[in-house]
Amino acid sequence: MTQFSETELTAAVIRSFDDTPDPRAKFLLQELVKSLHDYVRKTNLTFEEWDYAIDFLTRTGQKCTDIRQEFILLSDVMGVSMLVDAVNHRDREGATETTVLGPFYVGEHKVTAHGTDISAELEGERMFVQSRVTDRGGKPLANVPVDVWHADDDGFYDSQKPTFATQGPSSRARFITDKDGRFFFRTIVPCSYPIPTDGPVGEMIHATKRPALRPAHVHFLVAAPGYQPLVTHVFIGGDPNIDKDVVFGVKDELIANIEKRTDPTMPDGKPSSGPWHLMTYEFRMKPGEGVAPKPLGVKASEAA
Ligand code: BEZ
Ligand code: FE
């Protein structure tokens, strides 16, 4: 047949993938065609709307650089990232909950000594983070790399600043757990912040009157051999935007109440320069396999 009705067209495009050698690729492509065609039929998509969508996606791609990922941002604000996360982590019994990676897992995460202030050059309320990595039964996991990153006191990641290329990372590091599965560091209390809105994704968020905010959090990526990589955040309890996350990433279990302290020393016995906050959080790893994501801007061959 050379001419197709609306529904025959869908069937013909699905059939055109019948000989795809990889069965998973065949399934994904045929289901994608079904969903896209259903959408066009259901919405009676106009030429202007189709044209707008093509231009939007083109501009989304053009906004990407080695260290900026507008497509991840698009996936995040559409809830697709959290849905992919959900369908891949259906059973987390006893293991720490997961959430979005986000677009700011960028550049080198240098192995850093426990106790280091990873935001030494930044203004902000000081915070001591103490943590432990264990299996689901509480057995400590030693020698595990834990990547940490978060925004500054104004809500910007180091990679969003013009100085990133020359000054290198800030509020970003890798710690290796000790024999008791512990790691600890100093930093500042991050604040809630808007996602980048200077691109097409921000344009959509503004045009649809959605708040662009993410509640304050610290990102963690824990990669222990023999366990599923854990991509998660710890959210700062009490944040006024905790229920307004533009990427739908908050889970109750990931909210930590940070305690205000005035003790002259921090838990590692070293002096504090004034009042500080204490964040305590334990990560419980689920046995399994998986490839940890690589930071943007770092070639796979260079990433540890
Ligand atoms: C973030 O955590 O920084 C983030 C996550 C998703 C979209 C934008 C920002
Ligand atoms: Fe973040």
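Residues numbered from 1 in each chain as written. Chains lettered and ligands numbered in written order. Predicted model: local features only at pLDDT ≥ 70, side-chain atom pairs only at ≥ 80, totals over all residues. Heavy atoms only, no water.

### Topic: the overall build of the protein chain
The cut-off we apply is this: Under the scheme used here, helices are H or I runs from DSSP no shorter than 4 residues and strands are E runs no shorter than 2 residues, and both carry numbers assigned from the N terminus. Relative accessible area decides the class of each residue, using a 1.4 Å probe on protein chains only: under 20% of the type maximum gives buried, over 50% gives exposed, and in between gives partly exposed. Note on areas: Shrake-Rupley with a 1.4 Å probe; residue coverage comes only from the protein chains shown.
For the protein chain, the helix and strand inventory stands at seven helices and 11 strands. Based on the C-alpha atoms only, the size of the protein chain along its principal axes is roughly 80 × 40 × 35 Å. Of all 304 residues assigned to the protein chain, the portion counted as buried reaches 41%. Split by element, the accessible area of the protein chain, about 16400 Å² in all, is 56% carbon and sulfur.

### What to know about the site of ligand 1
Formally: One heavy atom within 4 Å of a molecule or strand makes the whole residue count as near it. Nitrogen and oxygen atoms within 3.5 Å of one another constitute a polar contact, given that in protein one can donate a hydrogen and the other can accept it, and given that sequence-neighbouring residues count only through two side-chain atoms. Note on residue classes: Ala, Val, Leu, Ile, Met, Phe, Trp, Tyr, Cys and Pro are nonpolar, Asp, Glu, Lys and Arg are charged, and everything else, Gly too, is polar.
Lining the immediate surroundings of ligand 1 are Leu73, Asp76, Gly102, Pro103, Phe104, Tyr157, Tyr193, Ile195, Arg214, His217, His219 and Val247. Contact distances for ligand 1 include 3.1 Å between an oxygen atom and a side-chain N or O atom of His217. Taking His219, its side chain carries an N or O atom lying 2.8 Å from an oxygen atom of ligand 1. Protein chains shield 100% of the accessible area of ligand 1, which is 260 Å² for the free molecule. Its residues placed into classes, the shell around ligand 1 shows seven nonpolar, three polar and two charged.

### Quick word on the domain arrangement of the protein chain
Quick note on the threshold: Boundaries of every domain are those given by an automatic assignment or by a domain database. In what follows, residue pairs with any heavy atoms lying within 4.5 Å of each other are defined as contacts. Once two parts are joined, some of their accessible surface, as seen by a 1.4 Å probe, is lost; buried area is that loss totalled over both.
Along its sequence, the protein chain is organised into domain 1 (6-62) and domain 2 (70-302). Of the residues lining the interface, six residues belong to domain 1; the matching set on domain 2 comes to seven residues. Of the roughly 560 Å² buried between domain 1 and domain 2, counting both surfaces, carbon and sulfur atoms make up 72%. At the boundary of domain 1 with domain 2, the tally comes to two residue pairs in polar contact (both at pLDDT 80 or more). Residue classes in the side of domain 1 that touches domain 2 are distributed as three nonpolar, two polar and one charged.

### Overview of the pairing of strand S8 (residues 230-236)
Cut-off, in case you're wondering: Should DSSP find at least two bridges between two strands, the strands are regarded as paired.
Across the seven residues of S8, seven count as buried, placing the element largely inside the fold. In S8, alternate side chains face the same way, and those of Leu230, Thr232, Val234 and Ile236 on one face and Val231, His233 and Phe235 on the other are all buried. Bridge count between S8 and strand S9 (residues 255-256): two bridges; the pairing is parallel. Counterpart to Phe235 in the pairing with S9 is Ile255.

### Structural notes on the coordination of the iron ion (ligand 2)
Put simply, the test is: Excluding water, the donors of a metal are its N, O and S neighbours within 2.8 Å, or within 3.2 Å for Na, K and Ca, and that exclusion means sites may look incomplete. Here the metal geometry follows the donor angles, with tetrahedral for four donors whose angles all fall between 85 and 135 degrees, square planar for four and octahedral for six when opposite donors are more than 155 degrees apart and every other angle is between 65 and 115, and irregular for all the rest.
Protein coordination of the iron ion (ligand 2) is provided by Tyr157 (OH), Tyr193 (OH), His217 (NE2) and His219 (NE2), with donor distances spanning 1.9 to 2.2 Å. Classification of the site at the iron ion (ligand 2) as irregular follows from its six donor atoms and the range of 55 to 175 degrees in their angles at the metal. All donors of the iron ion (ligand 2) belong to a single chain; written as a sequence motif, their spacing is Y-x35-Y-x23-H-x1-H. Linking Tyr157 in the loop between strand S2 (145-149) and helix H6 (164-167) with His217 in strand S7 (residues 217-222), this pair joins segments that are 60 residues apart in sequence. For Tyr157, a relative accessible area of 0% puts it in the buried group.

### With respect to the pattern of salt bridges
Which entries qualify depends on this criterion: Every case where a carboxyl oxygen of Asp or Glu lies within 4 Å of a side-chain nitrogen of Lys or Arg is listed as a salt bridge.
Evaluated as defined, the whole model comprises 20 salt bridges. A salt bridge links Lys251 to Glu97, with the nearest nitrogen and oxygen atoms 3.4 Å apart. One end of the pair, Lys251, is in the loop between S8 and S9; the other, Glu97, is in the loop between helix H5 (80-88) and strand S1 (126-135), with 154 residues separating them in the sequence. Residue Glu97 is classed as partly exposed on the basis of its relative accessible area of 22%. When the shortest N-O distance is used, the salt bridge between Lys161 and Asp152 registers 2.8 Å. On the accessibility criterion, Asp152 (7% relative accessible area) is buried. Residues participating in the shared-partner salt-bridge network are Asp55, Arg59 and Glu203.

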